[in-house]
Amino acid sequence: MDLYEYQGKELFKGLGIPVSEGRVAYTPEEARAAAEELGGQIVVKAQVLTGGRGKAGGVKLAKGPDEAEERARDILGLDIKGHIVRRLWIEKASDIEKEYYLSVTFDRGEKKPLFMLTKEGGVDIEEVAEKTPEKLARMHVEPLTGFQPFEARWLTFKAGITDPSEQKQVMSIIGKLREGFGQLDAMLLEINPLIVTPEGEVKALDAKVTIDDNALYRHSDIAEMRDVEADDPQERMARERNVTYVKLDGEVGILGNGAGLVMSTLDVVGQAGGRPANFCDLGGGAQADSVVAALEVITSDPGVRGILFNIFGGITRGDEVARGLLDALERMTIDLPIVVRLDGTLAAEGRALLADGAPANVHVEATMLDAAARVVELSR
Ligand code: GDP
Ligand code: MN
């Protein structure tokens, strides 16, 4: 789950990382009121779940309440990489002397958190990594030991931060990110830019935070921060119905049991010349209720032109799966072609049930490849 900058900053604040004071605003009038309360120079920042807001005109300075209201009017409704701005973060403006970059992310390859620190902040970190990798200090840390001060010293030294006061503050922030990464079950904590003010104060001017979805059950306060309006409507519908679903861009709706089988189904559909419209995993059973829920989510995607129902019967028996599907198709009307591939335990019984009782738009195939070819053909 990705958080908005202001939510990330709230978490940073809780960890003891310095951030600027600010307020959330949904309207230009609220932006004005926030600027009045905060006083002085103000920065008006689009809150969207994507980066590069500065470049897209989503971050603007304002001298006071009048200008803050004007800037808010400009920014609200902006389309930043497909995200429409509906919230603003009104923050006390900072004077910037230097812009650094600091992050900790989960490196799946190494199975360890990875810290990155560079004095070349404010810009795209990918660019720094590509063009001047020697300027990017990288360090993996052991997930099970707590914060080790030498890690912070090594990173700071490696990044070439030489001012003693800066070193001290940056090392303290590294320690806090290190503790916070575990405590919050984060996948990413990124500060870009981490600034140094003319007075020598180091603070987080931006916050990019991603929390592991699988750990949200133990962070109800964070789970509540989710902005359901910003979610893809199909993914939201799926979450509400407990269906594991990822929206893709193709025309073949896919429904299978088990993540591995669904992944291979995406591949064979590609092999057959089609494009998957989604990833959808029914999990263990294939009861009518879950089949109905999944089919409703899949067919709510206007791009879907055909459905591939790919089930391997293990503990779930083929005849139960067939009954689940028949039952589901009795409860809902689907005009799209549905190709079913049933294999495994009692698959023959299941196929026989479908041959007898299924509506005419249901086609049964014996192998995965045949099923993929058929559904691709029918989805043209
Ligand atoms: P991003 O473009 O989405 O990463 O948004 P940021 O929060 O990083 O802001 C983009 C840029 O706006 C920063 O790199 C700064 O240069 C500038 N900026 C943001 N806040 C302030 C501020 O308080 N004062 C000044 N002078 N510039 C700011
Ligand atoms: Mn940024």
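Residues numbered from 1 in each chain as written. Chains lettered and ligands numbered in written order. Predicted model: local features only at pLDDT ≥ 70, side-chain atom pairs only at ≥ 80, totals over all residues. Heavy atoms only, no water.

> Teacher, can you tell me more about the environment of His363 here?
Relative to the elements of secondary structure, His363 occurs in strand β18 (residues 362-365). On the basis of relative accessibility, which here comes to 17%, the residue His363 falls in the buried class. Taking the C-alpha atoms as reference points, His363 and Thr265, 98 residues apart in sequence, are found 17 Å from one another. With sequence-adjacent residues up to four places away left out, His363 is seen in contact with Pro337, Ile338, Val339, Val340, Arg374 and Leu378. Of note is the side chain of His363, whose polar atom sits 3.5 Å from the backbone oxygen of Asn361. Looking at His363, its side chain comes within polar contact range of the side chain of Arg374, at 3.1 Å. (Helix = DSSP H or I, 4+ residues; strand = E, 2+ residues; numbered from the N terminus. Buried < 20%, exposed > 50% of the residue type's maximum accessible area, 1.4 Å probe, protein only. Contact = heavy atoms within 4.5 Å. Polar contact = N/O pair within 3.5 Å; in protein donor to acceptor, adjacent residues only side chain to side chain.)

> In this structure, what is going on with the packing of aromatic side chains? I would like to understand it.
Under the defined criterion, the tally for this structure stands at two aromatic pairs. Between Tyr4 and Tyr6, the aromatic rings sit 6.0 Å apart at their centres with planes inclined by 10°, giving stacked as the arrangement. For the pair Tyr4 and Tyr6, a shared accessibility class is recorded, and that class is buried. A connected cluster of aromatic rings, assembled from ring pairs, spans Tyr4, Tyr6 and Trp89. (Phe/Tyr/Trp six-rings, centres within 6.5 Å; stacked < 30°, edge-to-face > 60°.)

> Help me understand the site of ligand 1, please; the structure alone is not making it clear to me.
In the neighbourhood of ligand 1, 16 residues make up the surrounding shell, with Lys45, Arg53, Gly54, Ser94 and Glu99 lying closest. Between ligand 1 and the protein, one listed contact pairs an oxygen atom with a backbone N or O atom of Gly52 at 3.4 Å. Residue Gly54 places a main-chain N or O atom 2.8 Å away from an oxygen atom belonging to ligand 1. Considered on its own, ligand 1 offers 560 Å² of accessible surface; in the complex 79% of this is hidden by protein. Elements with a contribution of two residues or more to the shell around ligand 1: β2 (42-47), β3 (59-62) and β10 (186-196). (Near = heavy atom within 4 Å. Areas by Shrake-Rupley, 256 points an atom, 1.4 Å probe, with all protein chains shown as cover.)

> Which parts of the structure should I look at to understand helix α8 (residues 233-240)?
Side chains three or four residues apart in an α-helix point the same way, a direct result of the helix having 3.6 residues per turn. Along α8, the residues that are buried comprise Gln234, Met237 and Ala238. All buried residues of α8 fall inside an arc of 100° around its axis, so they share one side. Residues of α8 that are exposed and point over 90 degrees away from its buried face: Pro233 and Glu240. On the buried face of α8, the contacting elements are β13 (244-247) and α10 (288-299). Taking the backbone nitrogen of Gln234 as reference, a side-chain oxygen 3.0 Å away marks Asp232 as the first, capping residue of α8. Just downstream of α8 lies Asn242, where phi reads positive at about 60°. (Arc of directions from axis to C-beta.)

> When you look at the environment of Thr156 in this model, what are you seeing that I'm missing?
Summarising the element assignment, Thr156 is placed in helix α5 (residues 149-158). Since its relative accessible area comes to 2%, Thr156 is described here as buried. On a C-alpha basis, the gap between Thr156 and Lys119 in space is 9.7 Å, while along the polypeptide they are 37 residues apart. Among all residues touching Thr156, those that are not within four sequence positions of it are Leu117, Ile161, Gln167, Val170, Met171 and Ile174.

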